Amino acid sequence: MELPWRANDQHVPARDLRASDADRERVVALLRDAHGDGRLTADEHAERVEGAYSARTLGELTELTADLATPEQQPIQVGDGPMFAAFTTVRRAGRWVVPAGLPVSAFFGTVEIDLREALLQRRHVVVRAAMLAGRLRLVVPEGVRVEFTGRSVLGTQDLRVRPSYGDDAPLVEVSGVVVLGSVNARTPKRRRRWSLGRRHP
């Protein structure tokens, strides 16, 4: 199984990371939809598709779809700024680049971090939480460990992730302070595969 991390020991900015074929196909899919509903002309579509297949970095790909979707709906997200929720829910999901350190804070709000399609720049990611009556929810793919090393004051932690592949598996560490709040992490259930047997006469 391919784990969702890519070594970035040279501290390359997220925009300058090399794009994969799968990243290019994500962008092409959005361009196809935009052409189908009339947001792009045939010429614009052809030009941008050509640009997607020739793009070398994630930043080049994001420029092709910036005017076609909101930031949280972009097929590739390279913003690595802090997350803050006050009396609301803030979510980051899809194909996005996770920095080595991610500050998150919530004041009577919820921060949701979905890593199932994310690209980790380090094998060890630290989520620095500051929660006051807030909630932090993590969704991680199978094979990624989650540990809470922060301080909790009248708070709760519920880390329901499946066993990892070993001590060298990617680690998401949640540090910081949680006051009257909660930290939850889960690995989605595996999809069941049903098979129908043939009845023999």
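Residues numbered from 1 in each chain as written. Predicted model: local features only at pLDDT ≥ 70, side-chain atom pairs only at ≥ 80, totals over all residues. Heavy atoms only, no water.

Draft legend 1. Spatial organisation of the nonpolar core. By size, the foremost hydrophobic cluster in this structure holds 26 residues, and its most contacted members are Val104, Val111, Ile113, Leu115 and Leu136. Counting only elements with at least two residues in this core, the list comes to strand 1 (83–86), strand 4 (101–107), strand 5 (110–114), strand 7 (124–132), strand 8 (135–139), strand 12 (171–179) and strand 13 (182–186). If you tally residues by element for this core, the top one is strand 7, at 4 residues. Beyond its immediate chain neighbours, meaning those up to four positions away, isoleucine 113 contacts Met83, Arg92, Trp96, Leu102, Val104, Val127, Leu136, Arg137, Leu138 and Val139. Ranked by size, the runner-up nonpolar core spans 21 residues in total, among them Leu17, Val28, Leu31 and Leu119. (Core = buried A, V, L, I, M, F, W, Y, C linked by side-chain atoms within 4.5 Å. Buried < 20%, exposed > 50% of the residue type's maximum accessible area, 1.4 Å probe, protein only. Helix = DSSP H or I, 4+ residues; strand = E, 2+ residues; numbered from the N terminus. Contact = heavy atoms within 4.5 Å.)

Draft legend 2. Structural view of the sheet that holds strand 5. Spatial ordering of the open sheet is given by 2-5-8-13-11, a layout of 5 strands whose pairing is parallel. With one partner strand each, in any of the chains shown, strand 2 (89–92) and strand 11 (156–160) form the two edges of the open sheet. With direction set aside, neighbouring strand axes in the sheet form an average angle of 10°. For strand 11 and strand 13, the ladder comprises 5 bridges, and the chain directions are parallel. From the neighbouring strand, aspartate 158 faces strand 13, where its bridge partner is asparagine 184. (Pairing = 2+ DSSP bridges. Axes fitted to C-alpha atoms, helices over the stretch in contact; angles between N-to-C directions.)

Draft legend 3. Inspection of the pairing of strand 12 at higher detail. As paired strands, strand 7 and strand 12 are joined by 9 bridges and run parallel to one another. Note on strand 12: the bridge partner recorded for methionine 131 is valine 178. Summarising the sheet, strand 9 (residues 145–148) and strand 12 pair through 4 bridges and their orientation is parallel. Note on strand 12: the bridge partner recorded for glutamate 147 is glutamate 173. Taken together, the 3 bridges between strand 10 (residues 151–153) and strand 12 define a ladder with parallel strand orientation. Residue pairing for strand 12: serine 152 is matched across the bridge by valine 178.

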